[in-house]
Amino acid sequence: MNFDWADPILTCADARALEARLFGGNEEREWDAMERAGAGVAAAVQEDFKEIGGFPAAGRILVLLGKGHNAGDALLAAAVILEKYPAASADVIFVFGERTLRPLAARAWRRLLETAPQRVRARSVAPGASPAPGGASERDSYDLCLDGIFGFQFHPPIDAATAAVLRAVNGHPAIRLRAAVDLPSGLGEQSCATAFQADFTYATGSVKMPLLEKRSRETAGRLRYVDLGFFDPTHVGSPLAGDPSVPSRASALPTDLVLKSSILAPLARLRAPLSDKRTYGHLFVIGGSRSYPGAVLMCVRAALRSGAGLVTAFVPETLVPAFAAGTPEAIWVGWPE
């Protein structure tokens, strides 16, 4: 069975096994995936920002960094955004110090500095220092906070300084959108009492099971899947091909799948030139009242957008003139109230 429209949801242990087989310690493969993750998170963040007016041209980003791949993903996402917005800037907090960055995260840090050398400000959290973001005060405002401290390999507990940073950021009064890369820091197979409070979590490569558990609802916010092609055997030298020990689409139960936009791919094709509206079905909608007219109108518009050939709506007769003027594609039939 080939699930091109869905990928399996993994435990953290399965995700570790998958990535070990995908990359096999090859840093160039890991870097390629990190670049795709950074670009994917940046694109998804900008899309979600449209809900609150779009990312501003002179936007300010706060980037929280640990040591490993999540830090690299967050840095590359910030680099993509700063490259697109020449007036935007970023403050970077090295929670464990800049020298603790692992090689690929350090490479991502250099990429960010090369992208926006005059628009990046960095600092570490020294023992006993104030964790206030921005290096000045908690009154500093940010449009976006990218959390790249811990990933799916996180195990509690967290140290006092990191917990203080998370509490300061969670309580910051002027951050418009908080975005967790892969998982919110402090969340994993086991979670801490103090964790990053995300508005959105951008699961990179695979969706991890902790994100769907009840304990994570307030922490993870709204979930987005950044598909990196990990379950496509044609990616990264085909390390998945023929390996039955790697979780695959075919081995996952339907309840353990995350649906992708490709599920709608069969609908995205040209219609036959000799067809007409009668070829594509006739949908009947009934509903609405004088006091609550909105739902039936949205239902009719959704039906039209879905591609139904004909849509006939039976609604209270007093609603017909306004509905027909605004949505003339539908057939409006007025019924006595």
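In this report, the structure presented in the accompanying data block is examined. Source: prediction; values computed, not measured.

Before going further, it helps to examine the layout of surface pockets. Approximately 680 Å³ is the volume found for the largest pocket. Lining the largest pocket are 32 residues, and of these Glu19, Gly68, His69, Asn70 and Gln153 lie nearest its centre. Partitioning the lining of the largest pocket into residue classes produces 15 nonpolar, 9 polar and 8 charged.

A few words now on the packing of aromatic side chains. Under the criterion given, the structure shown has 10 aromatic pairs. Measuring from ring centre to ring centre gives 5.8 Å for Phe23 and Phe230, while their planes differ by 80°; the resulting arrangement is edge-to-face. Here the residue Phe23 occupies a position in helix 1 (residues 12-23), and Phe230 occupies one in the loop between strand 9 (222-226) and strand 10 (257-259), the gap between them amounting to 207 residues. Taken as a pair, Phe23 and Phe230 share a single burial class, namely buried. Geometrically, the ring pair formed by Phe49 and Phe55 is edge-to-face, given 5.3 Å between the ring centres and 80° between the ring planes. Members of the aromatic cluster, each reached through a chain of ring pairs, are Phe49, Phe55 and Tyr85.

Moving on: the sheet that holds strand 10. Read from one edge of the open sheet, 3 strands run 8-1-10, paired in mixed fashion. Looking at strand neighbours, the two that pair on one side only are strand 8 (207-208) and strand 10, the edges of this open sheet. Bridge count for strand 1 (residues 6-10) against strand 8 is 2 bridges, and the pairing is parallel. Within strand 8, the position partnered with Ile9 by the bridge is Val207. Lying on the sheet, helix 1 is in contact with strand 1 and strand 8; it crosses strand 1 at an angle near 120°.

What follows deals with unusual backbone geometry. For the bond from Pro156 to Pro157, the omega torsion is 5°, close enough to zero to count as cis. For Asp182, which is not glycine, the phi torsion reads 75° and is therefore positive. Its location among the elements puts Asp182 in the loop between strand 6 (175-181) and strand 7 (200-204). By relative accessible area, Asp182 is classed as buried at 2%.

With that settled, consider helix 3 (residues 69-84). With 16 residues, helix 3 extends 23 Å from end C-alpha to end C-alpha; this agrees with the ideal 22 Å at 1.5 Å per step. The element helix 3 is largely enclosed, with a buried count of 12 among its 16 residues.

Let's shift gears to helix 4 (residues 103-115). Along its 13 residues, helix 4 runs 18 Å from first to last C-alpha, staying within 8% of the 18 Å computed at 1.5 Å per residue. Here helix 4 has its buried residues at Leu104, Ala105, Ala106, Ala108, Trp109 and Leu112. Each element contacted by the buried residues of helix 4 is listed here: helix 2 (27-49), helix 3, strand 3 (89-94) and strand 4 (120-124).

Moving on, we get to a nonpolar patch on the surface. Taken together, the side chains of Leu259, Ile263, Leu264 and Leu267 make up a nonpolar region of the molecular surface, amounting to roughly 420 Å² of accessible area. Relative to the helices and strands, Leu267 resides in the loop between strand 10 and strand 11 (282-286).

Moving on, we get to the side chain of Ser185. Among the structural elements, Ser185 can be located in the loop between strand 6 and strand 7. Judged by its relative accessible area of 0%, Ser185 falls in the buried class. Only 2.7 Å separates the side chain of Ser185 from the side chain of Asp147, close enough to count as a polar contact. From its side chain, Ser185 meets the backbone nitrogen of Phe150 in a polar contact 2.9 Å long. If near-sequence neighbours (up to four positions away) are discounted, Ser185 is found in contact with Asp147, Ile149, Phe150, Leu166, Ala195 and Phe196.

With that settled, the discussion passes to the sheet that holds strand 12 (residues 310-316). Spatially, the 3 strands line up as an open sheet ordered 11-12-13, and their pairing is parallel. A single partner strand is all that each edge strand has here, and the edge strands are strand 11 and strand 13 (331-335). Each strand axis lies, on average, 20° off the axis of its neighbour in the sheet, ignoring direction. Where strand 11 and strand 12 come together, 5 bridges link them in parallel fashion. Residue pairing for strand 12: His282 is matched across the bridge by Leu310. Helix 7 (residues 294-306) contacts strand 11, strand 12 and strand 13 of the sheet and is inclined by roughly 175° relative to strand 12.

Scoring rules and cut-offs
- Residues numbered from 1 in each chain as written.
- Predicted model: local features only at pLDDT ≥ 70, side-chain atom pairs only at ≥ 80, totals over all residues.
- Heavy atoms only, no water.
- 1 Å grid on protein atoms, 1.4 Å probe; cavity = no way out; pocket = protein on both sides within 12 Å on 5 of 7 lines; lining within 4 Å.
- Points joined across faces, edges and corners; volume = space filled by probe spheres on them.
- Nonpolar A, V, L, I, M, F, W, Y, C, P; charged D, E, K, R; others polar.
- Phe/Tyr/Trp six-rings, centres within 6.5 Å; stacked < 30°, edge-to-face > 60°.
- Helix = DSSP H or I, 4+ residues; strand = E, 2+ residues; numbered from the N terminus.
- Buried < 20%, exposed > 50% of the residue type's maximum accessible area, 1.4 Å probe, protein only.
- Pairing = 2+ DSSP bridges.
- Contact = heavy atoms within 4.5 Å.
- Axes fitted to C-alpha atoms, helices over the stretch in contact; angles between N-to-C directions.
- Expected span 1.5 Å × (residues − 1).
- Patch = residues over 30% accessible without salt bridge, like charges linked within 9 Å, V, L, I, M, F, W, Y side chains within 5 Å.
- Areas by Shrake-Rupley, 256 points an atom, 1.4 Å probe, with all protein chains shown as cover.
- Salt bridge = Lys/Arg side-chain N within 4 Å of Asp/Glu carboxyl O.
- Polar contact = N/O pair within 3.5 Å; in protein donor to acceptor, adjacent residues only side chain to side chain.

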